Structure formats: structure tokens, C-alpha cells
Amino acid sequence: MARTIGCKVWFDWDFNGAFTEETTNLVSVRGDTRIAPPGESITGGQGMIDSCTIELYNNAGRYSPLNSSGALYTYIQDGKGYHVPVYVETTINGSTYTRAFTGVAKIPRETGRTVDDVRTVEFECRGREELLLQKRMSTTYAGVIQRWQDGFTEGQIITAFLNAASATPTSIDAGMVTIPWSWLDNESPLEDIWAIASASGGRFYADVSGTYTYENMAHWLNSPHATSQVTYTA
């Protein structure tokens, strides 16, 4: 059976939370998303960041950071377009679009016009974990002692690290394992959060809406997973 797939792409060029739809120039979207299976995160090592490549027509030089007459020049000149927020919506055989990717874009890669093809630009995008991966943070001695005295669980530590990184929105399961000592020493909070989640039997990722999510080892025993979601018949 043939299927018709539709996509929409949106960019927040001025980082103010208001997204601009760029679907009229869309050539193609392709991406990859992976997550450790339930119960296997402890052997899975580090987490994986979603990736997405968006190709847009660029005949008018709209997305060229060196084109001073371009419509977006103010926002993307001199590397200002680095980590611009972006999201992708998709639909299959219908008019209702569903969010499929939320993340940030890197510096666009342009292709020139040729005899066989038109001028385009490609944005390599990564999930919102990318924002944490690029940070370098250190925790205070007082914070380390406080978490030890209060017997912080992995869920509380992950929340503390995310709050310190001003990372929102979040959806964090209650912790199940007390971890006596936790700190950051000029390092990425994401890598430590991955390690803490894995060691506790859980998993951490940014979902398709961009929400930083921690699922503890008992996540799949709780609602809505404890009840049947779909019934299949022959």
C-alpha cells in the first residue's frame, strides 16, 4: 500500500522562542534516533544523541551567512546560526502533523548551483542533548557535601545537574538508588548523567519534543505501561 509522507520544518532564528516555518523551501529531511532497550542501559555505555539533516532550497541566498542582503543575514552572520533551535513535524497519509524531532542546528553547509541541480543548503542538527554535551561545569564543595548528607538518589542528582545547567523542560522519574558522592569537575553534565542513569539501571535522553527525560529501572512497571495500549487482531 502506498503511503504519502509529509514534513514541516521550523527554525527559531532569533532564539526568542518564536519559530519560523521554512517548509516552502524544504528539499528533504532524514534522521536517526536510537535508545537503549529497557533493562539493557546498564551495559549500553554512553547514550546516543538524535541526529537530523535538513536540506533546503537556497536560490535566493536566504540561508547564506555571507549574503549581506539575505533575509536571515542578521541572525546567521558571523556564526550566530550555531545551535539555532529547530524542530520537525511529520505526517503519514493525513493532515495531522506530529513532532518527530526537536534539537539544534549547526553551521549550514551550502552547495552551489550546477547544470544538474539547484542551489541548496544543508543543516546538520542534533537533539537537545547536544546543548548539555558542549557545556563544561563544576559543582561546589558545599553541593557535594549537601547531596551526601541528604542521601540523594540518582533522580535527585540528575535534577540537580540539569538545574545547574539551566536545562528545561524536564521529566525525571523518582530515583531508586542512593549515590553518596556526585560532582562535576570541568566536565560535561550530560556524560555524568548518562553514567549515573546507566549505573542505576535507568536511561536518560531528550524525547521528540525536546524534554530531558530520565526513566528509572521500574519505569515500565508503572502507568501507562502497566495496562494494554493496543490490541491486534488477525
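A brief report on the enclosed structure follows. (Residues numbered from 1 in each chain as written. Predicted model: local features only at pLDDT ≥ 70, side-chain atom pairs only at ≥ 80, totals over all residues. Heavy atoms only, no water.)

A look at the overall build of the protein chain
Put simply, the rule reads: Secondary structure follows DSSP: runs of H or I at least 4 residues long count as helices, runs of E at least 2 residues long count as strands, and numbering of each begins at the N terminus. Accessibility here uses a 1.4 Å probe with only protein chains present; expressed as a share of the type maximum, an area under 20% marks a residue as buried, one over 50% as exposed, and anything in between as partly exposed. Contact criterion: two residues are considered in contact whenever any of their non-hydrogen atoms come within 4.5 Å of each other.
Regarding its fold elements, the protein chain presents five helices and 11 strands. If you line up the protein chain on its principal axes, its C-alpha atoms span 65 × 55 × 30 Å. Across the 234 residues in the protein chain, those meeting the buried criterion constitute 40%. Counting contacts in the protein chain only where the partners sit at least 6 residues apart, residues at least 24 apart contribute 63% of the total.

Section: the nonpolar core
Quick note on the threshold: Within this scheme, the nonpolar core is defined by two criteria: the residues are buried Ala, Val, Leu, Ile, Met, Phe, Trp, Tyr or Cys, and they are joined through side-chain atoms within 4.5 Å.
Residues Leu132, Ile158, Leu162, Phe204 and Tyr212 are the most contacted members of the largest nonpolar core, which totals 20 residues. Tallying contributions element by element places helix H5 (residues 189-199) first for this core, with five residues. Not counting residues up to four positions away in its chain, the partners in contact with Ile158 are Ile172, Ile193, Ile196, Ala197, Phe204 and Tyr214.

Notes on the sheet that holds strand E11 (residues 212-215)
This is how the line gets drawn: Paired strands are those between which DSSP finds at least two bridges. For helices, the fitted axis covers only the stretch in contact; all axes are lines through C-alpha atoms, and the angles between them, taken along N-to-C directions, range from 0 to 180 degrees.
Pairing is mixed in the open sheet, where three strands are placed in the order E9-E11-E10. Looking at the sheet topology across the chains shown, the edges are occupied by strand E9 (170-172) and strand E10 (203-206). Ignoring strand direction, the axes of neighbouring strands in this sheet form an average angle of 15 degrees. Sheet topology note: the E10/E11 ladder contains four bridges and is antiparallel. Within E11, the position partnered with Arg203 by the bridge is Glu215. Packed on one face of the sheet, helix H4 (residues 154-164) meets E9, E10 and E11 and runs near 165 degrees to E9.

Points about the pattern of salt bridges
Defined as follows: Put simply, a salt bridge is a Lys or Arg side-chain nitrogen that is within 4 Å of an Asp or Glu carboxyl oxygen.
A complete count under the given rule lists nine salt bridges for this structure. For Asp32, the salt bridge goes to Arg34, with nearest N and O atoms at 3.3 Å. Overall, Asp32 belongs to the partly exposed group, its relative accessible area being 37%. By relative accessible area, which is 52% here, Arg34 ends up exposed. In the salt-bridge network here, residues are joined through shared partners; they are Arg30, Arg109, Glu122, Glu124 and Arg126.

Focus on the side chain of Asp50
This is how the line gets drawn: For the charge count, each Lys or Arg is scored as positive and each Asp or Glu as negative, with His and the chain ends excluded.
Along the polypeptide, Asp50 turns up in the loop between strand E3 (26-32) and strand E4 (51-57). Buried and without a salt bridge, Asp50 has Arg34 as its closest oppositely charged side chain, separated by 7.4 Å. Sequence-distant contacts of Asp50, defined by excluding residues within four places in its chain, comprise Asp32, Thr33, Arg34, Phe101, Cys125, Arg126, Gly127, Glu129 and Ala206.

Notes on unusual backbone geometry
For the peptide bond that leads from Thr168 to Pro169, omega is -5 degrees, which places it in the cis range. Along the polypeptide, Pro169 turns up in the loop between H4 and E9. With an omega dihedral of 5 degrees, the bond running from Ser223 to Pro224 counts as a cis peptide bond. Its location among the elements puts Pro224 in the segment after E11. Positive phi, normally seen in glycine, also occurs at Phe15, with a value near 60 degrees. Within the element layout of this structure, Phe15 appears in the loop between strand E1 (5-11) and strand E2 (20-21). With a phi angle near 55 degrees, Asn93 is a residue other than glycine that sits in the positive phi range.

So, the packing of aromatic side chains
Worth spelling out the cut-off: Side-chain rings of Phe, Tyr and Trp, where Trp is taken by its six-membered ring, are said to pair if the distance between their centres is within 6.5 Å; with planes under 30 degrees apart they count as stacked, over 60 as edge-to-face, and otherwise as tilted. Two limits define a charge over a ring: the Lys NZ or Arg CZ must be within 6 Å of the ring centre, and within 35 degrees of the ring normal.
Applying the stated rule across the entire model yields nine aromatic pairs. An angle of 5 degrees between the planes, with centres 4.6 Å apart, marks the rings of Phe11 and Trp13 as stacked. One exposure class covers both Phe11 and Trp13, and it is buried. Taking 6.2 Å as the distance between ring centres and 5 degrees as the angle between the ring planes, the aromatic pair formed by Phe204 and Tyr212 counts as stacked. Both residues of the pair, Phe204 and Tyr212, count as buried. The ring of Tyr97 carries the charged tip of Lys8 above its face, separated from the ring centre by 4.4 Å.

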